[in-house]
Amino acid sequence: NSGADWQFNNGTLRASISGSGTFTAAGDVVAYGSPSDKRLKENIKPIESALNKVMKLKGVTFDWKQKEDSILELKEDIGFIAQDVQKVIPELVRENKDGMLSMRHQGVAPILLEAIKELKAEIDELKKCKCNCNK
């Protein structure tokens with residue numbers, strides 16, 4: 001992992017590229033978005049059993065291990081453990097040639113959306129029942 005500073009007209013970019021191709025930037029990375037056009041996709045299917053998947057996920061708080069050659073100053077964070085997510089939603093996890101796992105966090109949002117819809121359907125069904133359980 002070799003860090004480098006690149007000079008530009010408006011300032012300095014602090015970044016590193018590892019031997020396996022991982023790009024790390026010390027500052028924020030701003031992008032408009034990632035490609036999502038339907039014309040780029042095939043085999044489109046609805047997410048099934050979204051609520052079941054969500055119930056198996058576990059959000060965690062954690063501290064990043066500090067490495068001597070890291071250009072980042074991260075410590076406390078919130079997220080997922082890739083190995084846990086891989087068991088439930090393997091499509092969101094990638095393994096690089098060094099065996100290190102990474103995760104596409106933005107893929108969790110569509111699953112949460114569909115889980116909310118499933119909950120709404122359950123609530124609507126329960127509202128149809130005329131019970132006196134609260135009396």
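Quick caveat: nothing in here was measured; it's all calculated off a predicted structure.

The rules behind the values
- Residues numbered from 1 in each chain as written.
- Predicted model: local features only at pLDDT ≥ 70, side-chain atom pairs only at ≥ 80, totals over all residues.
- Heavy atoms only, no water.
- Helix = DSSP H or I, 4+ residues; strand = E, 2+ residues; numbered from the N terminus.
- Buried < 20%, exposed > 50% of the residue type's maximum accessible area, 1.4 Å probe, protein only.
- Contact = heavy atoms within 4.5 Å.
- Areas by Shrake-Rupley, 256 points an atom, 1.4 Å probe, with all protein chains shown as cover.
- Core = buried A, V, L, I, M, F, W, Y, C linked by side-chain atoms within 4.5 Å.
- 1 Å grid on protein atoms, 1.4 Å probe; cavity = no way out; pocket = protein on both sides within 12 Å on 5 of 7 lines; lining within 4 Å.
- Points joined across faces, edges and corners; volume = space filled by probe spheres on them.
- Nonpolar A, V, L, I, M, F, W, Y, C, P; charged D, E, K, R; others polar.
- Phe/Tyr/Trp six-rings, centres within 6.5 Å; stacked < 30°, edge-to-face > 60°.
- Pairing = 2+ DSSP bridges.

**Q** Can you help me understand the overall build of the protein chain in this one?
**A** Scanning the protein chain from terminus to terminus reveals three helices and seven strands. Reading the protein chain from its N end, one meets helices and strands in the order β-β-β-α-β-β-α-β-β-α. Buried residues in the protein chain amount to 18% of all 135 residues. A sequence separation of at least 24 residues applies to 36% of the contacts in the protein chain between residues at least 6 apart. With the model as given, the accessible surface of the protein chain reaches about 11600 Å², and the carbon-plus-sulfur share is 53%.

**Q** Please clarify how the nonpolar core should be interpreted in this entry.
**A** Soluble globular proteins tend to pack their nonpolar side chains together in the buried interior. Ranked by internal contacts, the top residues of the largest apolar core, which has 15 residues, are V85, I89, L92, V93, M103 and I111. Looking at this core, the elements with two or more residues in it are helix 1 (50-56), helix 2 (82-88), strand 7 (101-103) and helix 3 (108-128). Setting aside anything within four residues of it in sequence, one finds L92 in contact with V85, S102, M103, R104, G107, V108 and I111.

**Q** What exactly am I supposed to notice about the layout of surface pockets here?
**A** Summary: where empty space remains is shown by rolling a probe the size of a single water molecule over the atoms. Roughly 1400 Å³ of volume is contained in the largest pocket. Along its surface, the largest pocket is lined by 34 residues, and T22, W64, K67, M100 and L101 are the ones closest to its centre. Elements represented by at least two residues in the lining of the largest pocket include exactly strand 3 (23-25), strand 4 (60-63), strand 5 (76-79), helix 2, strand 6 (93-95) and strand 7. Its residues assigned to classes, the lining of the largest pocket shows 13 nonpolar, 14 polar and seven charged. Each pocket or cavity is described by its volume, and for the second largest pocket that value is around 420 Å³. Partitioned by chemical class, the residues of the lining of the second largest pocket number six nonpolar, four polar and six charged.

**Q** Quick question: what am I supposed to make of the packing of aromatic side chains here?
**A** In this description, a pair of aromatic rings is defined by centroid distance and the angle of the planes. One pass over the structure, following the stated rule, counts one aromatic pair. The interplanar angle of 80 degrees and the centroid separation of 5.1 Å between the aromatic rings of F62 and W64 together place this pair among those described as edge-to-face. A residue is classified by how much of its surface remains accessible, and F62, at 21% relative accessible area, is partly exposed.

**Q** Explain the pairing of strand 2 (residues 11-17) here, please?
**A** As a general feature of sheets, a regular strand has side chains that alternate between the two faces. Direction of pairing for strand 2 relative to strand 3: antiparallel, over a ladder of three bridges. Bridge assignment links I17 to a residue of strand 3, and that residue is F23. Connecting the antiparallel pair strand 2 and strand 3 is a turn made up of five residues, with G21 showing a positive phi of about 95 degrees.

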